[in-house]
Amino acid sequence: MRWDNLGRDEAATATTPALFGTDVVTRTFDTPEFRGITFHEVRARSIVNRVPGASQMPFDWTVNPYRGCSHACVYCFARKTHSYLDLDSGLDFDSQIVVKVNAPELLRKELAGPRWQGQHIAMGTNVDCYQRAEGRYRLMPGIIGALRDHANPFSILTKGSLILRDLDLLRQAARVTEVSTAVSVGFLDRDLWRTVEPGTPSPGKRLEVCRTLNENGIRCHVLMAPVLPYLSDSPEQLRATVRAIAEAGGTSVTPLALHLRPGAREWYMAWLSVHHPRLLSRYKSLYAEGSYAPKWYQRRITRQVNEFATEFGIGPTHTGTLRAVPAPAAPVTVEGPTQLSLL
Ligand code: SF4
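What counts as what
- Residues numbered from 1 in each chain as written.
- Predicted model: local features only at pLDDT ≥ 70, side-chain atom pairs only at ≥ 80, totals over all residues.
- Heavy atoms only, no water.
- Helix = DSSP H or I, 4+ residues; strand = E, 2+ residues; numbered from the N terminus.
- Buried < 20%, exposed > 50% of the residue type's maximum accessible area, 1.4 Å probe, protein only.
- Contact = heavy atoms within 4.5 Å.
- Areas by Shrake-Rupley, 256 points an atom, 1.4 Å probe, with all protein chains shown as cover.
- Phe/Tyr/Trp six-rings, centres within 6.5 Å; stacked < 30°, edge-to-face > 60°.
- Lys NZ or Arg CZ within 6 Å of the ring centre and 35° of its normal.
- Axes fitted to C-alpha atoms, helices over the stretch in contact; angles between N-to-C directions.
- Parallel < 35°, antiparallel > 145°, perpendicular 65-115°, else oblique.
- Left-handed = near helix turned anticlockwise from the far one by under 90°.
- Nonpolar A, V, L, I, M, F, W, Y, C, P; charged D, E, K, R; others polar.
- Pairing = 2+ DSSP bridges.
- Salt bridge = Lys/Arg side-chain N within 4 Å of Asp/Glu carboxyl O.
- Expected span 1.5 Å × (residues − 1).

Here's the deal with the overall build of the protein
- A tally of regular secondary structure across the protein gives 13 helices and 11 strands.
- Across the 343 residues in the protein, those meeting the buried criterion constitute 57%.
- For the protein, the share of sequence-separated contacts (at least 6 apart) that also reach a separation of at least 24 residues comes to 76%.
- When the accessible area of the protein is evaluated, it comes to approximately 13,700 Å², of which 52% is carbon and sulfur surface.

Given below as structure tokens:
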């Protein structure tokens, strides 16, 4: 998907990059929260996206009100998707954020359309819908409100504590349809967090979010992702993380070892060379065959996390994620590659 497919005719500001044509309004805000971030406001033509048939994702329909993510996780493998916008998958991904300002009204319209059959909609599957931009644009209340009014089942995966702002809406929706949430917490190490997930709430804060959601009747799962080889994967680290998840009331935990797909791979390896140069050769060896850690490594992580989950009474774990949904009959639209971004 390119820029010229996202927008409708709309006057652009003088600061809109030529690349984006006349369909986008570009804004910057000089507040500390948004310093260095540029927002590109677009009016999307569609908002419910069909996950391409070849996808391995356990969901078929998604809604993504943003592209790019100021949470800036170094390993994020949604990074590659920014290159489809003629932006780079490094700093631009962190700081050039596309905002689909008409997402709530468009969703309401699409849910009411004759072809929509009320299938499960997954959010937070590409980039975080509760990243910092959401504090300003407030798109999620309108989105959840539309899903509630149509009793349409949905799930949200996030690292953002802002989801608690919408707790009342989530509870209202949960009274009429299936609502599930998940937070991702791959490790507890605060030094590691500050460098590899620099724009996110702390792991402890995310676990508090999980606890609050569960206490308020909103089922919250924990995606223990990513487990970073040689940085957060010792048995002691895994055990401490699972224990914290259990103490936060996480209902289950799913471990995922780091993936290094193109886009994320270059960015992560550059980060590694600065922060942990002694690990470079070990990573090159571990990921020599491609984007995924070897099966033996993945099995080791899963087995150990399962053991700790059993120890702390939150098993069984599983290797899927939010949920699987049946293939729907009526296609609405396809929005480029959908990727689980290890939120
Ligand atoms: S992993 Fe999730 S929270 Fe982190 S940058 Fe990517 S989309 Fe944002």
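Having seen it, we continue.
Points about the packing of aromatic side chains
- Tallying each qualifying case throughout the model produces 10 aromatic pairs.
- Here Phe29 and Phe39 contribute two aromatic rings whose centre-to-centre distance is 5.6 Å and whose plane-to-plane angle is 45°, an arrangement assigned as tilted. Taken together, the residues span a long stretch of sequence, with Phe29 in the loop between strand E1 (25–28) and strand E2 (38–42) and Phe39 in strand E2 at a distance of 10 residues. You'll find Phe29 and Phe39 in the same group, each marked buried.
- Aromatic side chains Trp296 and Tyr297 sit 5.8 Å apart centroid to centroid with 80° between the ring planes, which places their arrangement in the edge-to-face category.
- Sitting over the ring of Phe29, Arg136 keeps its end group 3.8 Å from the ring centre.
- Against the face of Tyr230 rests Arg282, its NZ or CZ located 3.8 Å from the ring centre.

Concerning the packing of helix H10 (residues 235–247) against helix H13 (residues 295–311)
- Between H10 and H13, whose axes approach to 9 Å, the crossing angle comes to 45°. With respect to H13, the element H10 is oriented oblique. Judged by the sense of rotation from one axis to the other, the crossing of H10 with H13 is right-handed. On H13, the residues that touch Pro235, Leu238, Arg239 and Val242 of H10 are Arg300, Ile301, Gln304, Val305, Phe308, Ala309 and Glu311.
- Among the residues forming the contact of H10 with H13, the class breakdown is seven nonpolar, one polar and three charged.

Looking at unusual backbone geometry
- Going from Ala225 to Pro226, the amide bond is cis rather than trans, its omega being -10°.
- Here Pro226 shows up in strand E10 (residues 219–227).
- Unlike most non-glycine residues, Asp86 shows phi in positive territory, near 65°.
- Along the chain, Asp86 turns up in the loop between helix H2 (79–83) and helix H3 (91–95).
- A relative accessible area of 40% means that Asp86 is categorised as partly exposed.
- With a phi close to 50°, Ala151 is a non-glycine residue in the positive phi region.
- Residue position: Ala151 is located in the loop between helix H6 (140–149) and strand E8 (154–158).

Thoughts on the pairing of E8
- Counting buried residues along E8, five of its five residues qualify, which places the element largely inside the surrounding structure.
- What you see with E8 is no split at all: Phe154, Ile156 and Thr158 on one side and Ser155 and Leu157 on the other are buried throughout.
- Examined bridge by bridge, strand E7 (residues 121–123) and E8 share three bridges and lie parallel to one another. Bridge assignment links Met123 to a residue of E8, and that residue is Ile156.
- The pairing of E8 with strand E9 (residues 179–184) spans five bridges and is classified as parallel. Each residue of the ladder has a partner; that of Thr158, found in E9, is Val183.

Remarks on the packing of helix H4 (residues 103–111) against H6
- Where H4 contacts H6, the two axes come as close as 8 Å, and the packing angle between them is 15°. Classified by the angle their axes make, H4 and H6 are roughly parallel. The handedness of the crossing between H4 and H6 is right-handed. Between H4, through Ala103, Pro104, Leu107, Arg108 and Leu111, and H6, the contact on the second element is made entirely by Gly142, Ile143, Gly145, Ala146, Leu147 and Asp149.

Remarks on the sheet that holds E8
- In space, the seven strands of this open sheet follow the order E3-E4-E7-E8-E9-E10-E11, with mixed pairing throughout. Both outer strands of the open sheet, strand E3 (48–50) and strand E11 (253–257), are each paired with one neighbouring strand and no more. The sheet shows a mean angle of 25° between the axes of neighbouring strands, direction not considered.
- Strand contacts of H10: E10 and E11, with the helix running at about 165° to E10, the strand carrying the most contacts.

Quick word on the pattern of salt bridges
- By the definition in use, this model includes 16 salt bridges.
- The shortest N-O distance in the salt bridge between Glu134 and Arg165 comes to 2.6 Å. On the criterion of sequence distance, the pair formed by Glu134 in helix H5 (residues 133–137) and Arg165 in the loop between E8 and helix H7 (167–176) is long-range, its members being 31 residues apart.
- Relative accessible area serves as the criterion here: at 0%, Glu134 is assigned to the buried category.
- Salt bridges linked by common partners bring Arg108, Arg148 and Asp149 together as one network.

A closer look at H10
- The end-to-end C-alpha distance of H10, which contains 13 residues, comes to 18 Å, matching closely the 18 Å that a straight helix rising 1.5 Å per residue would cover.
- Of all the positions in H10, only Leu238, Thr241, Val242, Ala244, Ile245 and Ala246 are classed as buried.
- Elements in contact with the buried residues of H10: helix H9 (203–215), E10, E11 and H13.
- Where H10 terminates, the next one or two residues include Gly249, which has phi positive at roughly 85°.

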